[in-house]
Amino acid sequence: MTVQRLFYSSRIADEHASRGAAMAREIAQASAVRNAASGLTGTLAYIDGHFIQVLEGNLKQVEETFERICCDFRHRELKLLDYHTVPSRLFSEWSMASLVEEDATIGQREALSEVRILATLNAREAIARMRQLLALQDRAVLTA
């Protein structure tokens, strides 16, 4: 089976900005349930009023999900940053993980800010950094 990886960013709509972090957590939780049923994996980051998301899965599911996101009025200035076939999933452990700036340590916040900047400069490096942050986050939970 071929795997498609889609990477996009968007700005949260002004009318939702006051609850951005909570909304990102809610979206990630709802997406995790839906994605588990449809075979999608990925992560959603919420950084400085922006959503940055990676979706992985089969062509049909990725495209249908992205179309639904494009029609979601919680997003503004949605930008497709990268979309290609990949040999394997980077986020296979998560039907939808979340990286929320408000929940992060100071060091993680700096790394998330770098992800936001990298997203428009080097999408593949930004995706790799998101994966690293999730691995660190999971290790911290296991040792707590």
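Higher on the page you've got the structure.
One structure accompanies this document, and this report is about it. The written sequence of each chain sets the order in which its residues are numbered from 1. Side-chain atom pairs in this predicted model are given and counted only at pLDDT of 80 or more, local residue features only at pLDDT of at least 70, and totals for whole chains, interfaces and linings cover all residues. Water and hydrogen atoms play no part in the side-chain values, which are based on all heavy atoms of the structure.

1. What to know about the sheet that holds strand S3 (residues 50-57)
Part 1 of the reasoning: By this definition, two strands are paired if DSSP reports at least two bridges between them. Runs of E in the DSSP output that reach at least two residues are strands. Runs of H or I that reach at least four are helices, and both are numbered from the N terminus. Spatial strand order, S4-S1-S3-S2-S5: five strands in an open sheet with mixed pairing. The two strands at the open ends of the sheet, each matched to only one other strand, are strand S4 (75-86) and strand S5 (97-100). Pairwise comparison of adjacent strand axes, ignoring direction, gives a mean angle of 10° for this sheet.
Part 2 of the reasoning: Relative to S3, strand S1 (residues 3-12) runs antiparallel, the two being bridged by eight bridges. Along S3, the bridge assignment pairs Leu-6 with Leu-55.
Part 3 of the reasoning: Together, S1, S3 and S4 form the strand contacts of helix H2 (residues 59-70), whose direction differs from that of S4 by roughly 170°. Geometry is summarised by axes, namely lines fitted to C-alpha atoms with helices restricted to the contacting stretch, and by angles between N-to-C directions that run from 0 to 180 degrees. In what follows, residue pairs with any heavy atoms lying within 4.5 Å of each other are defined as contacts.

2. Remarks on helix H3 (residues 106-121)
Part 1 of the reasoning: Helix span, expected: 1.5 Å multiplied by one less than the number of residues in the helix. Under the 1.5 Å per step criterion, the end-to-end length of H3 is 23 Å for 16 residues, consistent within 8% with the ideal 22 Å.
Part 2 of the reasoning: By the burial criterion, the buried members of H3 are Leu-112, Val-115, Leu-118 and Ala-119. Angular distribution of buried residues about the axis of H3 spans 120°; they occupy a single face of the element. Opposite the buried face of H3, at more than 90 degrees from it, the exposed residues are Ile-106, Glu-110, Ile-117, Thr-120 and Leu-121. Only protein chains enter the area calculation, which uses a 1.4 Å probe; residues under 20% of their type maximum are buried, those over 50% are exposed, and those in between are partly exposed. Think of the arc as the fan of directions from the helix axis to the C-beta atoms.

3. Topic: the environment of Gly-42
Part 1 of the reasoning: Tracing the backbone through its elements, the reader meets Gly-42 in strand S2 (residues 41-47).
Part 2 of the reasoning: Ignoring anything within four residues of it in the chain, the contact list for Gly-42 reads Val-54, Phe-91, Trp-94, Ser-95, Met-96 and Ala-97.

4. Here's the deal with the packing of aromatic side chains
Part 1 of the reasoning: Ring pairs are drawn from Phe, Tyr and Trp, using the six-membered ring of Trp, whenever the two centres fall within 6.5 Å, and their geometry is named by plane angle: stacked under 30 degrees, edge-to-face over 60, tilted for the rest. Here the structure, examined in full by the defined rule, presents three aromatic pairs.
Part 2 of the reasoning: Between the aromatic rings of Tyr-8 and Phe-66, the centroid separation amounts to 5.6 Å while the plane-to-plane angle is 50°, which identifies the pairing as tilted. One end of the pair, Tyr-8, is in strand S1; the other, Phe-66, is in helix H2, and 58 residues separate them in sequence.
Part 3 of the reasoning: Taking the centre distance of 6.3 Å and the plane angle of 55° together, the rings of Phe-91 and Trp-94 count as tilted.
Part 4 of the reasoning: Classification of Phe-91 as buried rests on a relative accessible area of 0%.

5. Observations regarding unusual backbone geometry
Part 1 of the reasoning: Even without a glycine there, the phi angle at Asp-48 is positive, about 50°.
Part 2 of the reasoning: Along the chain, Asp-48 falls in the loop between S2 and S3.
Part 3 of the reasoning: Its relative accessible area of 48% is what places Asp-48 among the partly exposed residues.

6. Details of the pairing of S2
Part 1 of the reasoning: Within S2, seven of the seven residues are buried, which leaves the element mostly enclosed by the surrounding structure.
Part 2 of the reasoning: Burial along S2 is two-sided: the residues Thr-41, Thr-43, Ala-45 and Ile-47 and Gly-42, Leu-44 and Tyr-46 are all buried.
Part 3 of the reasoning: Where S2 meets S3, seven bridges bridge the pair, whose relative direction is antiparallel. Residue pairing across strands places Ala-45 opposite Ile-52, the latter belonging to S3.
Part 4 of the reasoning: The sheet contact formed by S2 and S5 spans four bridges and is parallel. Residue pairing across strands places Thr-43 opposite Ala-97, the latter belonging to S5.

Note that every value here comes from positions in space, so none of it alone points to a role or purpose.
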